[in-house]
Structure formats: C-alpha cells, structure tokens
Amino acid sequence: MGSNILIKRKLLGVVLGSLLLAGGVQAQTYTLGITQIVEHPSLDASRQGALDELAERGYKEGDNLEVDFQNAQGNTAIAAQIARKFAGQNPDVVLAISTPSAQSAAAALRDTPIVFTAVTDPLAAKLVNDMQNPGGNITGVIDAPPLEQQLELIQEMFPDAKRLGVIYNPGEANSVSQIETLKQLTKEMDMQLVEASASRTSEVMGAARSLAGRADAIYVPVDNTVVSALEGVIKVGYDADIPVFTGDNASVERGALAALGFSYYDMGRQTGELIAKVLEGEKAGSLPVGTVEKLELMLNQNAADAIGYELPEALKERAVKIIE
C-alpha cells in the first residue's frame, strides 16, 4: 500500500511540474548582477533593453529573476569593488555595462558568466581574443560607432568644416581606440583632428571651451565620461556657434545637433538575448560577440536654431526623428 501511495505522489509531482512549465512558470529563481560605470541615458537604455528582453523570454525581475544593480558613479575603483562583491556572491550571470565595468568584472570573476554591453572594442580592452569565439566566461554586444559614416554626415552638413574637435577620456580604452580610428579617417578625408582630453566629468566643459576658435565642429565619441557631462559641451557649442555631433542618438535629445547611430535600447535587447542563452545553459565564451547594424539619423531643430543653421530638407526626410 505504501509503495502505491509513493508512486501516486511521484506521478502527481510530474503532472504538477508539467502544468507549471506549460503555464510558463519556472520553479528556479535566477540571479543577475549588473555593474554599470555611470548612469546616463544611453547606458540606462541598454540596461532597460536587456531587462525587457529577459522579461519577454520569461525571466522577470521580482518573479523568477533577482537583479542586483550597482552603479560605479564613474569611478573605476568602485567598479572594481563591485566586481569583487559579485565574485563573492556568485550570481548566475553578471551584466557589465561599459568597458571599465567589463574590464573590472573580467579581472575579478573567473567562473561566473559575464555578458557585456556598450563596449566599443573588446579586443583592445583585452576582454576577448576572438569576436566569433570569445572563449573563457565572457561575451557581449559592442557599441562600436560607424565613425566613417558619421564623419561623412558632418561633411555633408558642413562642407567647409576642416577642423574637427573631439573630446575624450584618455583613460577609457574604448575612447582611445576611437581616437586612433578618427586620426586615420580625418587624414583620409582632408580634415584636421583637434583633440581635447577630460579624465573626469568636471573637466569636460573646460575641454570643450578649449576647442572654441580651434574647431569648426565638435564630435563627441562614445565616451562615458564626456557623455555624462554632455550639457557642458552643448552649452559651449551654442555659445560659440559650433555644431556638436555625437556618436549616440540619445545625446541628440539632450541638445546635440545630429547623430547617425543606433538605439542603445535595441542593443540592450540584443544583450538580453545572450543573457537568456547563458541562463538556459550555453557557455558565454562560446557565444559570438554581437554587433548592432541598424543605423538611424536623428536631428535636433532647436540645436540648429541655436547656432543659426538651417537643416536641409533632404536630411529631414532621412531622419527617423527630429527634436523640435
């Protein structure tokens, strides 16, 4: 009799388990650690995109997904502390947003899977050895800007602009990589690159002011330090009638004149796909590093008015969005 009862209980457990799975309910709770170098609209959008993608795939925060979000407030030392904290907690996956956060995570976490996003050049940052086969415990999605197309946009809008000012943090590996590419591209396009560095957000406005009178246009690359203090660059541009272009579209809504880039939210959704695959058992190091290929043109009418520039109708027709 006892054995029959035991068998019935086991059968009942199997049936209930099947019903739970059929209803989309997962008995296991997963843990996701998120380390982000600083909060600004682009990085925040990528984080939200990843969480939305995970929720759509059945991994919902507050239900079967525990999320521990940590902000390094622009400080690499804090980023290292966060990484060491996650090493002690051993979450199922760590999402590292930005190059400094990914580098800190890679240094501290040897076994925990890491998925990075908003990293421009993972090879230069020594995060991976191969984009198709990252190896180890890491993969992710890059935000390498289409620098050549962006420079072509600047030349299309301002044919007489020969001196291109650029502000960047020399301590960010992704920024240094972009500067090296910009040096080559501007040379090929008969432009002069005028550099200004800012190691902290408090130095960004001063760097921008140093470009007044030396640059015909300012380009803000995908640089977390500069983007965090973008309003200072915008103000200098408005005051000196210098157009400000950016490497990310979210910055156009904050006052930049134009950008030809991609949606960081979409990049986050793509990152969420990789995280889901890792949660489902795939090894991070076996998943190819992803790239965002869809480019969108965004323009800011208010910025154009501020510097006395008339947006060409042809550009307006190509833009996916014009900030009024």
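Note that the coordinates shown come from a computational prediction; the quantities given were computed from them, not determined experimentally.

Cut-off values and rules
- Residues numbered from 1 in each chain as written.
- Predicted model: local features only at pLDDT ≥ 70, side-chain atom pairs only at ≥ 80, totals over all residues.
- Heavy atoms only, no water.
- 1 Å grid on protein atoms, 1.4 Å probe; cavity = no way out; pocket = protein on both sides within 12 Å on 5 of 7 lines; lining within 4 Å.
- Points joined across faces, edges and corners; volume = space filled by probe spheres on them.
- Helix = DSSP H or I, 4+ residues; strand = E, 2+ residues; numbered from the N terminus.
- Nonpolar A, V, L, I, M, F, W, Y, C, P; charged D, E, K, R; others polar.
- Phe/Tyr/Trp six-rings, centres within 6.5 Å; stacked < 30°, edge-to-face > 60°.
- Buried < 20%, exposed > 50% of the residue type's maximum accessible area, 1.4 Å probe, protein only.
- Lys NZ or Arg CZ within 6 Å of the ring centre and 35° of its normal.
- Core = buried A, V, L, I, M, F, W, Y, C linked by side-chain atoms within 4.5 Å.
- Contact = heavy atoms within 4.5 Å.
- Pairing = 2+ DSSP bridges.
- Salt bridge = Lys/Arg side-chain N within 4 Å of Asp/Glu carboxyl O.
- Axes fitted to C-alpha atoms, helices over the stretch in contact; angles between N-to-C directions.
- Parallel < 35°, antiparallel > 145°, perpendicular 65-115°, else oblique.
- Left-handed = near helix turned anticlockwise from the far one by under 90°.

Peer 1: Explain empty space enclosed by the protein here, please?
Peer 2: Picture a little ball the size of a water molecule; that probe, rolled over the atoms, points out where space is still empty. Per the counting criterion, the structure on display carries two cavities of 30 Å³ or more. Taken together, His-40, Ser-42, Leu-43, Ala-118, Asp-143, Asn-174, Val-222, Asp-223, Asn-224, Val-227, Asp-248 and Tyr-264 form the lining of the largest cavity. For the lining of the largest cavity, the secondary structure elements donating two or more residues are α2 (41-56) and α8 (224-228). Of the residues assigned to the lining of the largest cavity, the class counts are five nonpolar, four polar and three charged. When its volume is computed, the second largest cavity comes out at roughly 30 Å³.

Peer 1: Sorry if this is basic, but what is going on with the packing of aromatic side chains here?
Peer 2: Geometrically, a pair of aromatic rings is defined through the distance of the ring centres and the angle of the planes. Summed over all chains, the structure comprises four aromatic pairs. Note on Tyr-30 and Tyr-59: the rings are 5.4 Å apart at their centroids and 80° apart in plane angle, and the pair reads as edge-to-face. Here the residue Tyr-30 occupies a position in strand β1 (residues 30-36), and Tyr-59 occupies one in the loop between α2 and β2 (65-71), the gap between them amounting to 29 residues. With respect to burial, Tyr-30 and Tyr-59 carry one shared label: buried. In this structure an aromatic cluster arises from ring pairing among Phe-158, Phe-245 and Tyr-309. In this structure, Arg-47 is placed above the aromatic ring of Phe-69, and the distance from its NZ or CZ to the ring centre is 4.1 Å.

Peer 1: Explanation requested: the layout of surface pockets in the structure shown.
Peer 2: Volume-wise, the largest pocket comes out at about 280 Å³. In this structure, the largest pocket is lined by 19 residues; those nearest its centre are Gly-74, Thr-76, Asn-169, Glu-172 and Thr-225. Elements with a contribution of two residues or more to the lining of the largest pocket: α4 (99-108) and α8. It is α4 that provides the largest number of residues to the lining of the largest pocket, a total of four residues. For the lining of the largest pocket, the class distribution of residues is four nonpolar, 13 polar and two charged.

Peer 1: Honestly, the nonpolar core in this entry has me stumped. Any pointers?
Peer 2: The biggest cluster of nonpolar side chains holds 47 residues, and the ones touching the most others in it are Leu-32, Leu-54, Phe-116, Leu-127 and Ile-275. Considering each element in turn, this core owes the most residues, seven residues, to helix α10 (residues 264-279). In contact with Leu-127, other than residues within four places in its own chain, are Ala-102, Gln-103, Ala-106, Phe-116, Val-119, Pro-122 and Ile-138. By size, the runner-up hydrophobic cluster in this structure holds 31 residues, among which are Ile-154, Met-157, Ala-161 and Phe-245.

Peer 1: How do you make sense of the environment of Ile-167 when you look at a structure like this?
Peer 2: Tracing the backbone shows Ile-167 in strand β6 (residues 163-168). When the C-alpha positions of Ile-167 and Met-205 are compared, they lie 9.7 Å apart, and in sequence the two are 38 residues distant. Every residue in contact with Ile-167, bar those within four places of it in the chain, is listed here: Ala-196, Ala-198, Ala-207, Ala-208, Leu-211, Ile-218, Tyr-219, Pro-221, Val-226 and Val-233.

Peer 1: Whenever I open this one, the environment of Ala-118 confuses me. Can you help?
Peer 2: Turning to its location among the elements, Ala-118 is positioned in strand β4 (residues 114-119). Each C-alpha atom of the pair Ala-118 and Asn-71 lies 15 Å from the other, and the pair is 47 residues apart in sequence. Among all residues touching Ala-118, those that are not within four sequence positions of it are Leu-43, Ile-97, Ser-98, Thr-99, Val-141, Asp-143, Tyr-264 and Met-267.

Peer 1: Even after reading the chapter, I still don't get the sheet that holds β1, so can you show me in this structure?
Peer 2: Sheet strands line up and pair through hydrogen bonds in the backbone, either parallel or antiparallel. Pairing in this open sheet of six strands is parallel, and the strands run β2-β1-β3-β4-β5-β11 from one edge to the other. Each having just a single partner strand, β2 and β11 (290-291) make up the two edges of the open sheet. Pairing between β4 and strand β5 (residues 138-142): five bridges, direction parallel. The residue bridging Ile-114 from the neighbouring strand is Ile-138, located in β5.

Peer 1: Help me understand the pattern of salt bridges, please; the structure alone is not making it clear to me.
Peer 2: A side chain with one charge may pair with a side chain of the opposite charge, provided their charged atoms come close. As enumerated under the stated definition, the model contains 17 salt bridges in all. Linking Glu-231 and Arg-254 is a salt bridge whose minimum nitrogen-to-oxygen distance equals 3.0 Å. With Glu-231 in helix α9 (residues 230-240) and Arg-254 in the loop between β9 (244-246) and β10 (258-261), this residue pair connects regions lying 23 residues apart in the sequence. In the salt-bridge network here, residues are joined through shared partners; they are Glu-53, Glu-56, Arg-57 and Arg-269.

Peer 1: I tried to follow the packing of helix α5 (residues 147-157) against helix α6 (residues 173-188) on my own but got confused; where do I start?
Peer 2: The relative placement of two packed helices is expressed as an angle between their axes plus a distance between the axes. Contact geometry for α5 and α6: axes closest at 10 Å, N-to-C directions at 50°. Considering the angle they form, α5 stands oblique to α6. By crossing handedness, the relation of α5 to α6 is classed as right-handed. On α6, the residues touching Leu-147, Glu-148 and Leu-151 of α5 are Gln-178, Thr-181, Leu-182, Leu-185 and Thr-186. Grouping the amino acids of the contact of α5 with α6 by side-chain chemistry returns four nonpolar, three polar and one charged.

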